[in-house]
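Chain residues, written in single-letter form:
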Amino acid sequence: MGIQWDWTMVWESLPDLVAGFLKVTLLVTILGSAIAAVLGLVIAIARRSAPRPVAAVLTFIVNFIRMTPIVVQLLFAYYLFLELDPVTIGVIIFGIHYSTYMAEVYRAGIDAVPAGQWEATTALSMSKYRTWVAVVIPQALRSTIPALGNYVISMFKDTPFLIAITVTEMVRAALVFGGNHFTYIEAITTAGIIFLIASYPTSLLIGRLEKRLAFSN
């Protein structure tokens, strides 16, 4: 017996899927990416500027978070902070988890700043704050934007892990719809198509941006 595809189920599932996409999937991605981008930059600067013992501890923490499955981190935070809304937990955990990856991207960008730039700031007696803000960070960001964008896409595609903490994002909405109508294939396929429509053009734009930045350099 083959798969019985019902277009009616596709159209009926769309409102629930779009609601899950806009209210949770997109929200967690945007807020989580903002947290990850800022925290990742702070981590990268701290690891380079802090005393060696502090930097070593920070490196251990970063590696521990990066090497631990995000679903485990979500469950740990969910059961530890029962008073928090699960969506809030999702935003925070996604932000912290991906900040460890973005920190490595920033570190590579900072290391790519020519040594002469650092020497010039020293010769001009620039403060550390001004050196970072006016010279290092702008140059580092220019080369890291494409890689950071790729991690945003990865975060977007990882949002279905929120099912583990009872958050009704798009995939969970598809499963709930399928359970209520005794057919899953249409809603799940539609959810996958929405993910594709949202992420594939974005990846193409990031690829073009990466080529443009490489060419301008």
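First things first, this report covers the structure right here in the doc. Quick caveat: nothing in here was measured; it's all calculated off a predicted structure.

### Overview of the overall build of the protein
- Of the regular secondary structure elements, the protein holds eight helices and zero strands.
- Ordered by position from N to C terminus, the α and β elements of the protein give α-α-α-α-α-α-α-α.
- For the C-alpha atoms alone, the extent of the protein along its principal axes is close to 75 × 45 × 25 Å.
- Taking the intrachain contacts of the protein between residues at least 6 apart in sequence as the baseline, contacts between residues at least 24 apart amount to 78%.
- Working note: accessible area of the protein is about 12500 Å², and carbon and sulfur atoms make up 70% of it.

### Remarks on the pattern of salt bridges
- For the structure shown, the criterion picks out five salt bridges.
- The closest approach of N and O atoms between Arg-47 and Glu-104, which form a salt bridge, is 2.6 Å. Of the two residues, Arg-47 sits in helix H1 (residues 7-49) while Glu-104 sits in helix H4 (residues 86-111), which places them 57 residues apart along the sequence.
- With a relative accessible area of 21%, Glu-104 lands in the partly exposed category.
- Linking Arg-66 and Glu-104 is a salt bridge whose minimum nitrogen-to-oxygen distance equals 4.0 Å. With Arg-66 in helix H2 (residues 52-67) and Glu-104 in helix H4, the pair connects residues that are 38 residues apart, well separated along the chain.
- Three or more residues are tied together by salt bridges with common partners; here these are Arg-47, Arg-48, Arg-66, Glu-104, Arg-107 and Asp-111.

### Focus: the packing of H1 against H4
- Two numbers describe how H1 lies on H4: the axes approach to 5 Å, and their chain directions differ by 45°. Comparing their axes, H4 and H1 come out oblique. Note on packing geometry: the crossing formed by H1 with H4 is right-handed.
- Residues that form the contact of H1 with H4 fall into these classes: 20 nonpolar, five polar and five charged.

### Structural notes on H4
- Taking 1.5 Å as the rise per residue, H4 with 26 residues should run 38 Å; its terminal C-alpha atoms sit 37 Å apart, in good agreement.
- Approximately 30° is the largest bend angle found in H4, and it occurs at Thr-100.
- Two to three positions downstream of the cap, the backbone nitrogen of Val-87 sits 3.1 Å from a side-chain oxygen, assigning the N-cap of H4 to Asp-85.

### Considering the side chain of Arg-66
- Classification of Arg-66 by relative accessible area gives buried; the value is 15%.
- Contacts of Arg-66, omitting those with residues within four sequence positions, involve His-97, Thr-100, Tyr-101 and Glu-104.

### What about a nonpolar patch on the surface?
- A grouping of Val-18, Leu-22, Leu-26, Leu-27, Ile-30 and Leu-31 is seen on the molecular surface, where their side chains present a nonpolar patch of about 470 Å² in accessible area.
- Its location among the elements puts Leu-27 in helix H1.

How each quantity is defined
- Residues numbered from 1 in each chain as written.
- Predicted model: local features only at pLDDT ≥ 70, side-chain atom pairs only at ≥ 80, totals over all residues.
- Heavy atoms only, no water.
- Helix = DSSP H or I, 4+ residues; strand = E, 2+ residues; numbered from the N terminus.
- Contact = heavy atoms within 4.5 Å.
- Areas by Shrake-Rupley, 256 points an atom, 1.4 Å probe, with all protein chains shown as cover.
- Salt bridge = Lys/Arg side-chain N within 4 Å of Asp/Glu carboxyl O.
- Buried < 20%, exposed > 50% of the residue type's maximum accessible area, 1.4 Å probe, protein only.
- Axes fitted to C-alpha atoms, helices over the stretch in contact; angles between N-to-C directions.
- Parallel < 35°, antiparallel > 145°, perpendicular 65-115°, else oblique.
- Left-handed = near helix turned anticlockwise from the far one by under 90°.
- Nonpolar A, V, L, I, M, F, W, Y, C, P; charged D, E, K, R; others polar.
- Expected span 1.5 Å × (residues − 1).
- Bend = angle between axes of the 7 residues up to and from the residue.
- Polar contact = N/O pair within 3.5 Å; in protein donor to acceptor, adjacent residues only side chain to side chain.
- Patch = residues over 30% accessible without salt bridge, like charges linked within 9 Å, V, L, I, M, F, W, Y side chains within 5 Å.

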